[in-house]
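Chain by chain, the residues:
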Amino acid sequence: MTRPIATLGAALRSALYLALLIVTVAPYSIGTLLWSWLPPTRRYWMATGWTRFAILSGRAVCGMRYQVLGLENLPDGPAIILSKHQSAWETLWLTTAMPRPLTFVYKRELHYLPFVGWAMATLGMINIDRSRGSNAFEQVVERGSEHLAQGWWIVIFPEGTRTAPGAAPRYKTGGPRLAVRTGAQVIPIALNSGELWPRRALLKTPGTITVSIGPPIDPAGKTAEDVAELVESWIENEMHRLAPHRYADRTDRARVGTVHA
């Protein structure tokens, strides 16, 4: 009986957590709209009050703790964060943990989401108009260069979407190409958030998420393919260390170095 009771408890806590997020996101989003006249950096730090609440309540209600390795690797200068993406947790956590304001690269359609999308639209982040085709990347370079010059860091999830723990990686080269074009250092991040907060799942599991920040990668003298290979190699090898049980049945321990455009 212990396991069913534990599962029921986790389900109830997960439902309570979801309710807390839903109830609080609307007022904060409206607040963000009302603050739109303030300077961008100040608006950003005010808006991230909600993401801090989300991370703290996730720990208090669902028991989702975290530990961070490699904080000393964060550079003091322009940077592009290329992070493993397993759940919504890291999107929230990054804004609470990084020492610089962050701008995410995302599709413009997200602006149509009630409340959250409307608030995002006022923060001046890098939204992509996919109808522009190949010109969309030039849009990212232009806006990204502006943000980096203003002291913001850029976040790109190199796999493009959330991936299940242990899934074969499929990295894209947009982040490395942006790094080569702008000269900003790349911060690779590995994490195992999907173990506690699976994608497309309401149930949250108590435990500790490990975030590992790798040494910065300087794009100087490298091609985008060189940078992409270094990023994928470091993240995927680190994932084998963080979640070895997800790779125990593989004979190709880490399929690294193969980058997909």
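Shown above is the structure to which this text applies.
Residues numbered from 1 in each chain as written. Predicted model: local features only at pLDDT ≥ 70, side-chain atom pairs only at ≥ 80, totals over all residues. Heavy atoms only, no water.

A. Representation of the packing of aromatic side chains in the model. This model, assessed by the stated rule, comprises 8 aromatic pairs. A ring pair is formed by Phe 104 and Phe 157, whose centres lie 6.4 Å apart and whose planes are at 40°; its orientation type is tilted. A residue pair is termed long-range when its members are at least 10 positions apart, and Phe 104 in strand E3 (residues 102-107) and Phe 157 in the loop between strand E5 (153-156) and helix H6 (174-182) qualify at 53 residues. Summarising the burial analysis for this pair, Phe 104 and Phe 157 share the class buried. Joined through ring pairs, the aromatic side chains of Tyr 44, Trp 45 and Trp 152 make up one cluster. Residue placement shows Arg 177 over the ring face of Phe 137; its charged tip is 4.1 Å from the ring centre. (Phe/Tyr/Trp six-rings, centres within 6.5 Å; stacked < 30°, edge-to-face > 60°. Helix = DSSP H or I, 4+ residues; strand = E, 2+ residues; numbered from the N terminus. Buried < 20%, exposed > 50% of the residue type's maximum accessible area, 1.4 Å probe, protein only. Lys NZ or Arg CZ within 6 Å of the ring centre and 35° of its normal.)

B. Region of interest: the pairing of E5. Side chains Trp 153 and Val 155 of E5 all project onto a buried face; the interleaved residues Ile 154 and Ile 156 project onto the opposite face, where all are buried too. Alignment of strand E2 (residues 79-83) against E5, held across 3 bridges, turns out to be parallel. Each residue of the ladder has a partner; that of Ile 80, found in E5, is Ile 154. Where E3 meets E5, 3 bridges bridge the pair, whose relative direction is parallel. Residue pairing across strands places Thr 103 opposite Ile 154, the latter belonging to E5. (Pairing = 2+ DSSP bridges.)

C. A look at the environment of Pro 198. Within the secondary structure, Pro 198 sits in the loop between strand E6 (185-191) and strand E7 (207-213). A sequence separation of 34 residues divides Pro 198 from Ala 164, and the C-alpha atoms of the two residues are 7.2 Å apart.

D. Main features of the packing of H6 against helix H7 (residues 224-242). Direction vectors running N to C along H6 and H7 enclose 125°, while the axes themselves pass 8 Å from each other. One way to sum up the angle between H6 and H7 is to call them oblique. Every pair of crossing elements has a handedness; the one defined by H6 and H7 is right-handed. Of the residues in H7, those in contact with Pro 176, Arg 177 and Val 180 of H6 are Ala 224, Val 227 and Ala 228. Grouping the constituent residues of the contact of H6 with H7 by class yields 5 nonpolar, no polar and 1 charged. (Axes fitted to C-alpha atoms, helices over the stretch in contact; angles between N-to-C directions. Parallel < 35°, antiparallel > 145°, perpendicular 65-115°, else oblique. Left-handed = near helix turned anticlockwise from the far one by under 90°. Contact = heavy atoms within 4.5 Å. Nonpolar A, V, L, I, M, F, W, Y, C, P; charged D, E, K, R; others polar.)

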